[in-house]
Each structure stands twice: as structure tokens, then as C-alpha cells.
Amino acid sequence: MSVALTSTAVPTSTRSDKVRVMVVDDSVVIRGMISRWIGAEPDMEVVASLRTGLDAVNQLERINPDVAVLDIEMPDLDGISALPQLLAKKRDLVVIMASTLTRRNAEISLKALSLGASDYIPKPESTREATAAETFRHDLIQKIRHLGAKARRGTVHTTASPPLAPGHDRPRTLAPVAAPTAPAQIARRSFGLLQPKVLLIGSSTGGPQALMSLVAEIGPVIDRVPVLITQHMPPTFTTILAEHLARASKRSAHEGIDGEAIKPGQIYLAPGGRHMRIARHGVDATIALDDGPPVNFCKPAVDPMFTSAIDVWQGSIMSVILTGMGSDGMRGGKDIVAAGGSVIAQDEATSVVWGMPGAAVNAGICAAVLPLNQIAPKLVRVFAGDRS
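Here the residue numbers are simple positions, counted from 1 along each chain's written sequence. For this predicted model, a pLDDT threshold of at least 70 governs which residues receive local features, and a threshold of 80 or more governs which side-chain atom pairs are given and counted, while totals over whole chains, interfaces and linings are taken from all residues. Calculation of side-chain values draws on the structure's entire complement of heavy atoms; hydrogens and water are dropped beforehand.

Draft legend 1. Looking closely at the packing of helix H9 (residues 302–313) against helix H10 (residues 330–338). What counts as an axis is a line fitted to C-alpha atoms, over the stretch in contact for a helix, and the angles between N-to-C directions run from 0 to 180 degrees. Helical segments are the DSSP runs of H or I of at least four residues, strand segments are the runs of E of at least two, and each set is numbered from the N terminus. Relative to each other, H9 and H10 sit at 15°, their axes nearing to 7 Å. By the criterion of interaxial angle, the relationship of H9 to H10 is roughly parallel. Pair H9 / H10 crosses with left-handed handedness. Packed against H9, whose contacting residues are Asp303, Phe306, Thr307 and Ile310, the element H10 presents Met330, Arg331, Gly332, Gly333, Asp335 and Ile336 at the interface. Residues are grouped as follows: nonpolar covers Ala, Val, Leu, Ile, Met, Phe, Trp, Tyr, Cys and Pro; charged covers Asp, Glu, Lys and Arg; every other residue, Gly included, is treated as polar. Here the contact of H9 with H10 is composed, by residue class, of 4 nonpolar, 3 polar and 3 charged. For classification, angles of less than 35 degrees are called roughly parallel, those exceeding 145 degrees roughly antiparallel, those between 65 and 115 degrees roughly perpendicular, and all remaining angles oblique. Helix crossings fall into two classes, left-handed where the near helix is turned counterclockwise from the far one by less than a right angle and right-handed where it is turned clockwise. For this analysis, residues touch if any pair of their heavy atoms sits within 4.5 Å.

Draft legend 2. Structural context of the side chain of Ser351. You can see Ser351 is positioned in the loop between strand S13 (342–346) and helix H11 (356–362). N or O atoms within 3.5 Å of each other form a polar contact, as long as, within protein, one can give a hydrogen and the other can take it, and as long as residues adjacent in sequence are counted only when both atoms are side-chain atoms. At a separation of 2.7 Å, a polar atom in the side chain of Ser351 contacts the main-chain carbonyl oxygen of Asp347.

Draft legend 3. Focus on the sheet that holds strand S7 (residues 227–231). In this scheme, strands are said to pair when DSSP sees at least two bridges between them. In spatial order, the strands read S8-S9-S7-S6-S12-S13-S14; together these 7 strands make up an open sheet with parallel pairing. Looking along the sheet, the strands with just one partner apiece sit at the ends: strand S8 (252–255) and strand S14 (368–370). When the angles between neighbouring strand axes are averaged without regard to direction, this sheet yields 20°. As paired strands, strand S12 (residues 317–321) and S13 are joined by 4 bridges and run parallel to one another. What sits directly across from Met318, in S13, is Ser342. The sheet contacts of helix H6 (residues 207–215) involve strand S6 (198–203), S7, strand S9 (266–269) and S13, and relative to S7 the element is tilted by about 165°.

Structural measurements only, silent on function.
Set out below in C-alpha cells:
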């Protein structure tokens with residue numbers, strides 16, 4: 001998909017307002033390319049372009065960046081080894097891990113999330129492939145912009161958390177999207193009256209860490225109903241995420257397979273690059289994988305999963321929207337609520353990016369807005385029959 005790269009809507013910034021970025025990569029081509037992209041944005045600047053993790057660690061205090069784009073494979077000191085040393089010197093540093101899309105690098109990127117990295121980005125196999133390079137630029141600039149701005153406000157979360165990686169959002173342009181502002185008094189709806197027969201979860205940036213924490217605490221829910229998850233993430237990463245979710249939950253977790261029956265006691269994860277919808281096949285609810293165009297500039301997207309579930313379970317749906325950029329899940333959440341189901345959103349304080357949950361909150365569709373550590377206990381109570 002061709003993505004527009006216009007940045008005319010980005011407001012100009014004074015030098016002191018700009019997000020300060022340190023680029024660390026042993027490839028002079030990659031360093032130069034990323035530096036040019038960042039230099040073209042009026043609200044950010046490259047303050048260092050370095051070849052090794054050792055250079056980054058040694059020069060961090062002098063450079064004092066807000067964001068580090070950190071390659072994984074480098075001489076002297078690789079990215080995964082440099083990461084904890086960088087965070088030890090600057091706890092609020094936003095680190096975006098960059099790697100080519102191999103299983104090994106995906107595993108390392110996800111491990112980096114558990115060590116305190118804020119996000120990751122897959123590098124294209126060849127920067128000469130125009131669409132891949134364009135998408136890489138688009139995603140990288142958005143991640144730097146959102147996470148860097150939050151870091152400058154002193155609210156970004158970089159604390160080490162259960163293993164795994166963030167999202168794969170595709171906004172249309174490079175213009176910044178304002179973070180949703182919580183209303184002074186959040187309007188909450190009542191929980192649906194029907195007993196939920198399924199749990200649907202949508203997440204993006206910061207989502208894998210949140211998912212790992214959540215599934216570890218909702219065993220009684222998983223045993224009672226199927227759990228379906230859409231996390232914005234490319235192929236390979238979703239395969240590994242499913243394996244980690246299985247270990248964290250001590251339940252079966254795997255990428256959804258087209259046509260398979262949906263059963264209680266199982267966690268189904270949308271595979272990277274495919275939308276995961278729900279269909280009815282006789283008496284069974286089944287997975288329906290969709291290779292159609294991106295929705296909300298994402299593939300997989302949360303809205304198709306949310307909306308398609310209504311045809312199968314009507315109002316007997318409990319849905320959760322976790323941390324992430326954009327507004328994916330809000331429209332599907334509206335449909336779920338209109339059908340008689342319920343939406344819980346993660347609160348702003350515990351979200352890495354309060355885009356998706358913030359959009360749902362501001363739309364007035366949430367029955368609860370909770371810190372991450374309170375969502376699992378609430379779900380256990382709701383599925384046990386308490387919908388107060």
C-alpha cells in the first residue's frame with residue numbers, strides 16, 4: 001500500500017521544543033537515511049549518529065537524547081546488551097529497537113521490551129524497495145513523534161515489563177495525531193445485562209507487555225470462554241507473541257487458523273498481516289482470516305474482529321481496549337455496546353500511548369476505565385456474574 005508522506009500539517013517547533021533523537025546503527029546507509037528523514041521533520045532533530053552500542057553508552061550523558069533508535073546487530077556492543085546500560089544512565093530514555101524481520105531478531109526485539117525498550121520497528125530487507133522504505137519511514141517517524149513527545153512531558157513508561165513487543169500502526173500521513181484528552185468527568189455506561197460468552201481484546205503500542213500481564217491473571221475467564229486478541233504486529237512477531245502468551249497464561253494460545261472452531265479455554269491471536277474475523281459455521285463460531293486491505297491503516301485491525309463478533313454472540317460480548325496509537329477498536333466498540341455488550345478501556349496513566357483506549361473513553365462507550373493491574377480482577381468478577 002502506498003502511504004502518503006506529506007508533513008505540511010506538522011507545526012514548526014523551536015529548537016528547544018524538538019524531540020532529540022540518537023540514531024545507533026552500524027550501517028552508514030541506514031544511519032544516513034534515518035537521519036535525513038528525521039532532519040526533514042520540523043519537530044525533531046538528530047543529535048547523534050553513532051555506529052555501535054558502545055559509542056551510544058559512552059556518549060549518552062553528553063548527548064542527552066529523548067529517543068534512541070537502536071539497531072540490534074552491531075560490533076563492540078550490540079543493541080540488546082547496550083539497552084540496559086543506556087536505561088541505567090537515563091531511566092526515561094525512549095528506546096526504539098530496529099531490526100530486520102527474522103525470527104531471531106523478532107525474539108530479541110521482544111526480549112528488549114521486557115528489559116525496558118519502549119517499542120520496536122522492523123527494518124525493510126532492502127532500502128531500495130520503495131514501498132518497504134516508505135512504510136519504514138512512516139512508522140518510524142510516528143513512533144518517534146508520539147513516544148518522544150510523551151517522554152518530554154515526563155509521562156512515557158519505560159519500566160521493564162513481561163516480555164514482548166509493541167504495535168505496528170499505519171497512520172495516513174506524518175502529521176502528528178493529538179493524544180486524546182480525558183474529559184474532566186468520564187461518562188461511563190452500565191455493563192451489559194447478558195452474561196458474556198467471549199472476551200475480545202485489542203491493543204497496539206505497548207500492547208504485548210500489557211497482554212502478558214493481563215493473560216497471566218485471567219485464568220478463570222479463559223477456562224470459561226474463548227479469548228480472541230488482535231495486536232497490531234507483523235508476521236513472525238505474532239507467532240512468537242502467541243508462544244509467550246501461552247507460557248504466561250498457562251493455557252493454549254496460538255495464531256488463529258482460517259476455519260477453525262472457537263472453543264473455551266483457548267487464546268486466539270490475529271496473525272500478522274491478516275484480519276481475524278469471527279464467523280458462524282453451523283453451531284460453531286469459527287475463525288475467518290481476511291487478506292483484505294488495512295482497516296484504520298492496520299492489518300490486523302481490531303475493528304473487524306469486534307464488529308464481526310456481534311453476528312455470532314450478539315450482546316454477550318466483553319471487550320477490552322488496551323494501550324496503542326490511533327483509534328482502532330473505537331468503532332467496533334460502539335457496535336458492541338449498541339448490541340448490548342460492554343467495553344473496558346485501559347487508563348491513561350498505565351498506557352504507553354493512550355490513543356486507542358482514549359478514543360473509546362472519549363466516545364462514551366466504556367463501562368469501566370481502569371489501570372492495567374485492575375482490569376484482570378474486574379474481568380474475573382464480571383465473568384463470575386458481577387456486572388456492577
